[in-house]
Amino acid sequence: MDQKVRQFEVCTQDGSVDRHGNPAIRAKTGKWLSAILILVNQGLATLAFFGVGVNLVLFLTRVMGQDNAEAANSVSKWTGTVYIFSLLGAFLSDSYWGRYKTCAIFQGSFVVGLVMLSFSTAALLLEPSGCGVEESPCKPHSTFKTVIFYLSVYLIALGYFEDQGDWPLGFWASTGSAFAGLVLFLTGTPKYRHFTPRESPWSRFCQVLVAATRKAKIDANYEDMNLYDSETQRTGDKKILHTSGFRFLDRAAIVTPDDDAEKVESGSTYNPWRLCSVTQVEEVKCVFRLIPIWLCTILYSVVFTQMASLFVEQGAAMKTNIKDFKIPASSMSSFDILSVAFFIFAYRRFLDPLFARLNKTEPNKGLTELQRMGIGLVIAVMAMISAGIVEIYRLKHKGTASNSSSLSIFWQVPQYMMIGASEVFMYVGQLEFFNSQAPTGLKSFASALCMASISLGNYVSSLLVSIVMSISTRDDLPGWIPGNLNKGHLDRFYFLLAGLTAADFVVYLVCAKWYKYIKSEASFSESTSEEEV
C-alpha cells in the first residue's frame, strides 16, 4: 500500500510517460519550461507560415503570372491542403507515432519546404532580375520550375519583405523562424511528457457501425435488454452515460447469445466487431451529433480565407502610399491580429462577466460555446458587407491605370477588425466546444475537425470563385474578379458571401437548438487513483 501511495505521489496519473517509455515523474517532466518551449515554438512556426501565406497571392500574380481569380483559387487550394493534413497528423499521432514524433517529423517537412522555396525563388523564378514587383512582373516559367515551386509550397503545407520584390529575403526569414522553432522544440525533448499511441479512433468508430449493422434485425424496443458496459477502461478515459438518441447504434452494445457463444469459443473477450461497450457506442453518437454543427462552420471558413486572398488583392488595388512610404497590402492582416488580441482580452475581462450577470436562467454563467459561435457568424456577415461597401467606393475612385484607386487602403481596417473579432467568437468557441464534447480518446481528432472546417472552407471558396467566374464571364464580360479589378465587381462577390453566411446562420440556429451535450462519469484514472489511496 505504501509503495502504491509513493508511486501516486511521484508519477503522473494521466498515462503519460517519459522519452524512454517509463511513467513520467512529476518533478522532472512537464511544468512551465516545457509549456514555454512549445508556446515559443508554435509562435515561430506560425510566423513562418503566415510570412508565406499572406504574401502568396501577390507572389502568384507578380512572379507566377496568374490573374486575380486564378491566384485566389490557388491560395485557397493550398491553404485547404495545409489544414487537411491536420487530419492525417491527428490519425498518426493518436494511432502510431504519438504527439511528439508527429510534431517533429511534420515540422521538419515544413523547414525543408521553406528551404526549397527560398532556393527556387532566388535561383529559378525571379527572371529577369528585379522582377516580381507590381510594375515589373516576371516572365512565364517552364513546367520544371513551376513543379519545383508547387512542390516547395505543398511541403510547407505538410507541416514582410516580399511586397517590395525581395521575395528570397522574405522566404529566408520565414525559413529561419521555422528552423529556430524546430530547434527549440527538440531542445525540450527530455522534459516532455509523452503519450503512448492508442488504437486507431477510426477502428473504434467502425466497430460500432459494423456491430450495429450485424444486429439490424434485433427488435428496437430493447429497454429491458442487457447493454454491455465493459469493466476494462483505458487510463484517462471517461465512461459516457447512455443516451436515447441514434437508437440504431445501441444495437452494437446489446449482448446476444451469439456473442456469449463466441466468447466461450474464443476463450477470451467479446469480439469487438460484434459487441461494443456503451461508452464506445456513445463516442460514435458524440461524433454524429457534432457533424451538423461542424458543417455549419465550413461557410464561415470561406469568409475567413478571403483575408489571405481577395482582401490582399483588393488592398493592392488601393492607395498604399503615405508620402514616400508604401504600405504592403499583405501587412493589413496585422489589424486582424490586433483585433484578435483586443477582443480576447475584452471578452475575458468585460464581456463574459457582463453576460454572466445578465444570465437569469443560469446565474454566473457566461455565453456557451454554441452562442459564441453564432455571434462569430453574425460578425462575419458584417465583415463581408463592410468589404463590399469598401469595394463600391474603391471603384468610384478608381484610377486610369490597371488595379489602381485613390481610396486609401486604410478603409480596409474595419473588415480586417471584424474578421478578427469573429475569429475570437467562432474559432475559439469552436475549438473549446469540440474539445469539451469529444470523447477522451478522440481529443486530437476533435481538434483536427476544427482544422478540417478551415480546409473545406478553402476548397469551397475555390469552387465558389470558379463558379462565379464561369457565370459572370459569359457574353465576353470581364467577370466579377478579373485580372484588372477596376473592370470587375468584387463587391458583388462579397455581398454573395454575406448572403450565404446569413443563410448558414439560420441553419446553425436550428442545429444548435437540436444539439444535446455529452454527459460522462469520472475518468478511469481518477476513480482508480482514489481507490488506491
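The model shown is predicted, which means the values in this text are computed figures rather than measured ones.

Rules of the game
- Residues numbered from 1 in each chain as written.
- Predicted model: local features only at pLDDT ≥ 70, side-chain atom pairs only at ≥ 80, totals over all residues.
- Heavy atoms only, no water.
- Helix = DSSP H or I, 4+ residues; strand = E, 2+ residues; numbered from the N terminus.
- Buried < 20%, exposed > 50% of the residue type's maximum accessible area, 1.4 Å probe, protein only.
- Contact = heavy atoms within 4.5 Å.
- Axes fitted to C-alpha atoms, helices over the stretch in contact; angles between N-to-C directions.
- Parallel < 35°, antiparallel > 145°, perpendicular 65-115°, else oblique.
- Nonpolar A, V, L, I, M, F, W, Y, C, P; charged D, E, K, R; others polar.
- Salt bridge = Lys/Arg side-chain N within 4 Å of Asp/Glu carboxyl O.

### Concerning the environment of Phe343
Relative to the helices and strands, Phe343 resides in helix 11 (residues 333-358). Given the relative accessible area of 23%, Phe343 is considered partly exposed. Along the chain, Phe343 and Ser422 lie 79 residues apart, while their C-alpha atoms are 9.2 Å from each other. Setting aside residues up to four positions removed in sequence, Phe343 forms contacts with Met417, Ala421 and Val424.

### Digging into the environment of Trp97
On the secondary structure map, Trp97 appears in helix 3 (residues 68-125). For Trp97, the residues in contact, after removing those within four places along its chain, are Leu92, Thr102, Ile105, Phe106 and Pro197.

### Things to note about unusual backbone geometry
Backbone geometry places Phe246, a non-glycine residue, at a positive phi of 50 degrees. Here Phe246 is to be found in the loop between strand 3 (238-240) and helix 7 (247-250). Overall, Phe246 belongs to the partly exposed group, its relative accessible area being 33%.

### Some points on the packing of helix 6 (residues 201-214) against helix 9 (residues 278-305)
Packing of helix 6 against helix 9 brings their axes to within 9 Å, and their N-to-C directions diverge by 100 degrees. Between helix 6 and helix 9, the interaxial angle falls into the category roughly perpendicular. Seen from helix 6, the contacting residues are Arg204, Phe205, Gln207, Val208 and Leu209; seen from helix 9, they are Gln280, Val281, Glu283, Val284, Val287 and Phe288. Across the contact of helix 6 with helix 9, the residue classes tally to seven nonpolar, two polar and two charged.

### Remarks on the pattern of salt bridges
Tallied over the entire structure, the rule returns six salt bridges. Linking Arg204 and Glu283 is a salt bridge whose minimum nitrogen-to-oxygen distance equals 3.0 Å. Placement of the pair is Arg204 in helix 6 and Glu283 in helix 9, with a sequence separation of 79 residues. Across the pair, exposure class does not vary: Arg204 and Glu283 are buried alike. Glu432 is the salt-bridge partner of Arg348, the closest N and O atoms lying 3.0 Å from each other. A residue pair is termed long-range when its members are at least 10 positions apart, and Arg348 in helix 11 and Glu432 in helix 13 (residues 413-437) qualify at 84 residues. Given the relative accessible area of 43%, Arg348 is considered partly exposed. Classification of Glu432 by relative accessible area gives partly exposed; the value is 28%.

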